[in-house]
Amino acid sequence: MSERQKYIRNFCIIAHIDHGKSTLADRLIEATGVLTAREMEDQVLDNMDLERERGITIKAQSVRMVYKHSDGHEYTFNLIDTPGHVDFSYEVSRSLAACEGAILVVDSAQGVEAQTLANVYLAIDNDLEILPVLNKVDLPSADPEAARAEIEDVIGIDASMAPCISAKNKINIPEVFDRIIDTLPCPQGDEDAPLKGLVFDSYYDSYKGVIVHTSIKDGSVRTGDSIRFMNSGSVYQITELGYFKPGGYVPTKELLAGEVGYIIASIKNVRDITVGDTITLDSRPAAEPLPGYHEVHPMVYCGIYPLDGSEYDELKEAMEKLQLNDAAFHFEPETSAALGFGFRCGFLGLLHMEIIQERLEREYNMDIITTAPSVIYKVHKTDGTVIDLDNPSNLPAATEIEYMEEPIVSASIMTPKEYVGNIMQLVQERRGVYLDMKYLDVTRVILEYEIPLNEIIYDFFDSLKSRTKGYASFDYELKGYAQSDLVKLDFYMNGEIVDALSFIVFKDNAYPRARRLAERLKDVIPRQQFEVPIQAYIGGKIIARETVRAYRKDVTAKCYGGDITRKKKLLEKQKEGKKRMRQFGTVEIPQEAFMEILKID
Amino acid sequence: MVDKYLDCLELECVLRERLYGKLSVDTVFVGGGTPSLLSSQHLDRLGHIIRSHFDLAPVTEFTFESNPGTLSSDKLNSMRAIGANRLSMGLQSSDDELLSSLGRIHDRKTFEQCYHMARLAGFDNISIDMMFGLPGQTVQSVERDIDYLIELAPEHISAYSLMIDPDTPLEQMLDQGSLTLPDEEAERQMYYTYRRRLAQAGYLQYEISNWSRPGMRSTHNVRYWRDRDYLGLGPAAHSLMLEYRFGNPESLEIWSEALMAGRGPAIVHEVRSIPNHMSEYMFTGLRMLDGIQFDSFRETFGCSLDEAYPGVVDKLVDRGLLSRDQLGIRLTDLGLDLANQVFMEFV
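Residues numbered from 1 in each chain as written. Chains lettered and ligands numbered in written order. Predicted model: local features only at pLDDT ≥ 70, side-chain atom pairs only at ≥ 80, totals over all residues. Heavy atoms only, no water.

Undergrad: Just to check I follow, could you spell out the overall build of chain B for this structure?
TA: Looking only at helices and strands, chain B has 16 helices and 15 strands in total. Here the analysis covers contacts within chain B between residues at least 6 apart in sequence; of these, 67% occur between residues at least 24 apart. (Helix = DSSP H or I, 4+ residues; strand = E, 2+ residues; numbered from the N terminus. Contact = heavy atoms within 4.5 Å.)

Undergrad: Explain the interface of chain B and chain A here, please?
TA: One frequently used descriptor of interface size is the decrease in accessible area upon assembly of the parts. In this assembly, 37 residues from chain B lie in contact with 25 residues from chain A. Summed over both sides, the interface of chain B with chain A buries roughly 3100 Å², with 54% coming from carbon and sulfur. Per-residue buried area on chain B facing chain A is highest for E184, N340 and M344 of chain B; these three make up 21% of the total on that side. Scanning the region where chain B abuts chain A turns up five salt bridges. Measuring nitrogen to oxygen at the nearest pair gives 2.8 Å for the salt bridge that ties E185 of chain B to R552 of chain A. Counting across the interface, chain B meets chain A through 21 residue pairs in polar contact (both at pLDDT 80 or more). Those elements that provide at least two residues to the side of chain B that touches chain A are β7 (156-161), α8 (184-200), α9 (219-225), α11 (274-285), α15 (333-337) and α16 (339-344) of chain B. (Buried area = accessible area lost by both parts, 1.4 Å probe. Salt bridge = Lys/Arg side-chain N within 4 Å of Asp/Glu carboxyl O. Polar contact = N/O pair within 3.5 Å; in protein donor to acceptor, adjacent residues only side chain to side chain.)

Undergrad: Any chance you could explain the sheet that holds strand β12 (residues 268-271) of chain B here in plain terms?
TA: Strand-to-strand pairing in sheets goes through backbone hydrogen bonds, with the strands running parallel or antiparallel. All names here are of chain B. If you trace the three strands from one edge of the open sheet to the other, you get β10-β11-β12, paired in antiparallel fashion. Strands with a single pairing partner mark the edges of an open sheet, and in this sheet they are β10 (238-241) and β12. Going across the sheet, the axis of each strand differs from the next one's by a mean of 10°, ignoring polarity. The sheet contact formed by β10 and strand β11 (residues 244-247) spans four bridges and is antiparallel. Counterpart to S239 in the pairing with β11 is F246. (Pairing = 2+ DSSP bridges. Axes fitted to C-alpha atoms, helices over the stretch in contact; angles between N-to-C directions.)

Undergrad: Help me out: how do you make sense of the nonpolar core in this one?
TA: Nonpolar side chains in soluble globular proteins generally cluster together in the buried interior. Residue and element names in this part refer to chain B. By size, the foremost hydrophobic cluster in this structure holds 90 residues, and its most contacted members are F64, L87, Y194 and M282. Both domains that meet at this core, namely domain 1 (24-225) and domain 2 (274-344), each give it at least three residues. Setting aside anything within four residues of it in sequence, one finds M282 in contact with I292, F297, L305, Y309, I329 and F346. (Core = buried A, V, L, I, M, F, W, Y, C linked by side-chain atoms within 4.5 Å. Buried < 20%, exposed > 50% of the residue type's maximum accessible area, 1.4 Å probe, protein only. Domains from an automatic or database assignment.)

Undergrad: Would you take a moment to explain the packing of aromatic side chains for this structure?
TA: How two aromatic rings sit relative to each other is set out by the distance from centre to centre and by the angle between their planes. Overall, the coordinates contain 32 aromatic pairs over all chains when judged by the stated rule. Taking 6.3 Å as the distance between ring centres and 40° as the angle between the ring planes, the aromatic pair formed by F283 of chain B and F343 of chain B counts as tilted. Of this pair, F283 of chain B sits in helix α11 while F343 of chain B sits in helix α16; the two residues are 60 residues apart in sequence, bridging distant segments of the chain. When sorted by exposure, F283 of chain B lands in the same class as F343 of chain B, which is buried. Among the aromatic residues, those joined into a ring-pair cluster are Y312, F329, F331, F341, F343 and F347 of chain A. The ring of Y243 of chain A carries the charged tip of R64 of chain A above its face, separated from the ring centre by 3.5 Å. (Phe/Tyr/Trp six-rings, centres within 6.5 Å; stacked < 30°, edge-to-face > 60°. Lys NZ or Arg CZ within 6 Å of the ring centre and 35° of its normal.)

Undergrad: Explain the pattern of salt bridges here, please?
TA: Summed over the entire model, instances satisfying the criterion amount to 46 salt bridges over all chains. Its salt-bridge partner being R272 of chain B, residue E280 of chain B comes within 2.7 Å of it at the nearest N-O pair. Here E280 of chain B and R272 of chain B have matching classes, each one buried. Put simply, K568 of chain A together with D227, E243, R245, E270, R272 and E280 of chain B are held in one network by salt bridges that share partners.

Undergrad: For this particular structure, what's the right way to read the sheet that holds strand β10 (residues 235-237) of chain A?
TA: Residue and element names in this part refer to chain A. Taken in spatial order, the eight strands line up as β10-β9-β15-β6-β7-β14-β11-β12 in an open sheet, and their pairing is antiparallel. One side of each edge strand has no neighbouring strand; the edge strands of this open sheet are β10 and β12 (248-252). Strand-to-strand twist across the sheet, computed as the mean angle between neighbouring axes with direction ignored, equals 40°. Here strand β11 (residues 240-245) pairs with β12 via five bridges, running antiparallel. Along β12, the bridge assignment pairs Y243 with V250.

Undergrad: Looking at this structure, how should I read the packing of helix α1 (residues 21-31) of chain A against helix α6 (residues 173-183) of chain A?
TA: Residue and element names in this part refer to chain A. Across the interface, α1 lies against α6 with an axial gap of 10 Å and an inter-helix angle of 85°. Regarding the angle of α1 to α6, the classification is roughly perpendicular. Between α1 and α6, the residues in contact are L24, R27, L28 and A31 and I173, V176 and F177, respectively. Its residues assigned to classes, the contact of α1 with α6 shows six nonpolar, no polar and one charged. (Parallel < 35°, antiparallel > 145°, perpendicular 65-115°, else oblique. Nonpolar A, V, L, I, M, F, W, Y, C, P; charged D, E, K, R; others polar.)

Following this line, the structure appears as structure tokens:
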């Protein structure tokens, strides 16, 4: 190991939402003077609008800092930010593979949460050294010693040296630096070995092409080098490489083993780059690639269609770019009788789905329609074949089906004990099977359940939050498949089926859900010039019916004196609203109608 | 305050005269709020200002808007003296209870006195403004309003369906549920009642909300709907002059400050593009029951309506909202109820 690498630390920060991860990251950045005070925007790492609004990190960001230690040496810190939500554990695993250590931030008033646990275990599995940090110690309700004990009991790591800090109020931040240097290991790459760089993320820049984020495990790489992506086999010449700074890049000449940075090589085709691939030198390739990440499989599927059919190609391009730095997002073309050409898309969970939708709308300015989400059902046909069904519209006729299976997840819910009753009721409504309940301490419990995945892809997380005043946290993983009595629910508007609204549901829940959904659709479908009957069908049978009444009046009595411009703006706004609707035969259906399917409670 | 307002109005007239020269006008409309609040002396001065900066020789229609609670025979005589020949009076409803629930300061009796006073002062062209769809109003109550109108026999009637503007006390009361509006069905019945009964009484409906005795349309309002130029003076006034739209700030203070500082007060400026011109031509013109003539569209824009809006008219005819003959298009009865659905297709 080279002397140089002793002064490098590559680490990430693991924390539950709101426990102060971004604030701590900001403090570290600030303290190392990467940015001047004026450049410091609060939470510089959450630089997507969406992230700021929701207060969560979606995309991993990276930043390089130089810290002058009291021992006289300058240390280089590469902080690789990680997302905090259960849906994004794939992002976390990618970030982890680029690090040697992880800072675990725990809110000293709230203690350890279920999602934190999942990510900490992931880090431990990846052989990362964990540095616990107790945040928010200045809150009146803070109990750092209890939090310390909990870390030791629940996670099983030594927390005796955990710094007590307040990232918000800048208490004890220097101690964090000292502990990073003392506790977290430095990289131990072989600088003279053939190049092995782990691709842990990538972005698309419209001028420079794909920007590859890499952690150099062995060897070194320079501008002008020809690099080969070992899995895809494609070769490119490097035009620029360098380090990260908050919100940007700093070019340099070379990246050496142990360093983290970016590479630009005029890569125009976003498909040539897969996260997890290994970069090596074309002239002196490594014998074998780095062990890849375990590939992530989507759990939830839905159709995404352009609102305006002519924007199909633009939508495709936008999705390709999104996929570039979101390995878990899958899509392939499909067609719908109601919606025309679009894509069947796979996601890790419902939040992931919402995030992709919002990013398509905001960052790529796409107007899209999303169909009812679905999981993958296994349909055992009478001819002995089994199909994986990710689109309810493709369900074979009932006569061809022997039986169906649906995916089941193991779920753990961590909650203050007073909400146990509420949670039990909720999970029962969602067909959950109770497995176990463990006391974490005198006030909190972990509940273990098996729940059909199709019961949690809708609004389970929201319902859980609202029934526990936001205190419960939730994590799940796929357990397997189980036979189940399932039916397909179809909706007809004005006598025509809208296939994009079809979904598969547990038979006993079908009637109440059909009725509620028909009522909701009645409310979100704007009145039109004629009556619109809404009918819910199972097989050939109507099980619910509602009617959207025709509008009687849509006229502005006055023209506002001479202010024609105002009147025109009102008409434009009305027309804009109409544009956001999609014509189905004679009926106009707004995007919101498709979102209603998601809400059960 | 009124003196200062008139000072500034004069400054604005001077400004416009500098730009456009002394304009010859054929209609004058003093409205927007309650000009009848002005005293006789102020009205005299207002008349003097208008006369000094505009050529009023071609005037055929000179309207004052008025609020019945604020009129007197002195004021009416002053209006007449400065050239007004038409009075617009806001009655809204003949039901005193409804009037007070709307926060109006007048009642039916006050209105009636003012109406007769106006006749005595020589106003032989009076327009009465009515409202329907008011909270608590019924179709029967509207029938009584129309009985009363027919008895008064004004030359012109405007009947407006209530519009709830956001952030008004009325909106709040509706939100809180202390007031409820008639349902859509009842509201339309009220409109149909106006249409049926006023037609029976010899009034001609010439616009969505306007009726007149034959030959007594408001020439001034028709200007707005027929795409003719107009110049607006005072706070919140809007203008269309030579394909240029501009509008003044709503605030009296901001408007007057600009003028005192020797600046033009307009805060909204827009050079009208041809597509904008076309859509305005369509959605204002279609408010008129005469509708739009194919020939005049072609004359104005050099292309046919179908070239400008391919397929749109066919679609709206199919939906039963427009009727079409060899000369042009106009709203159908259904189109009068759903006019915005038609207008929307042209913006």
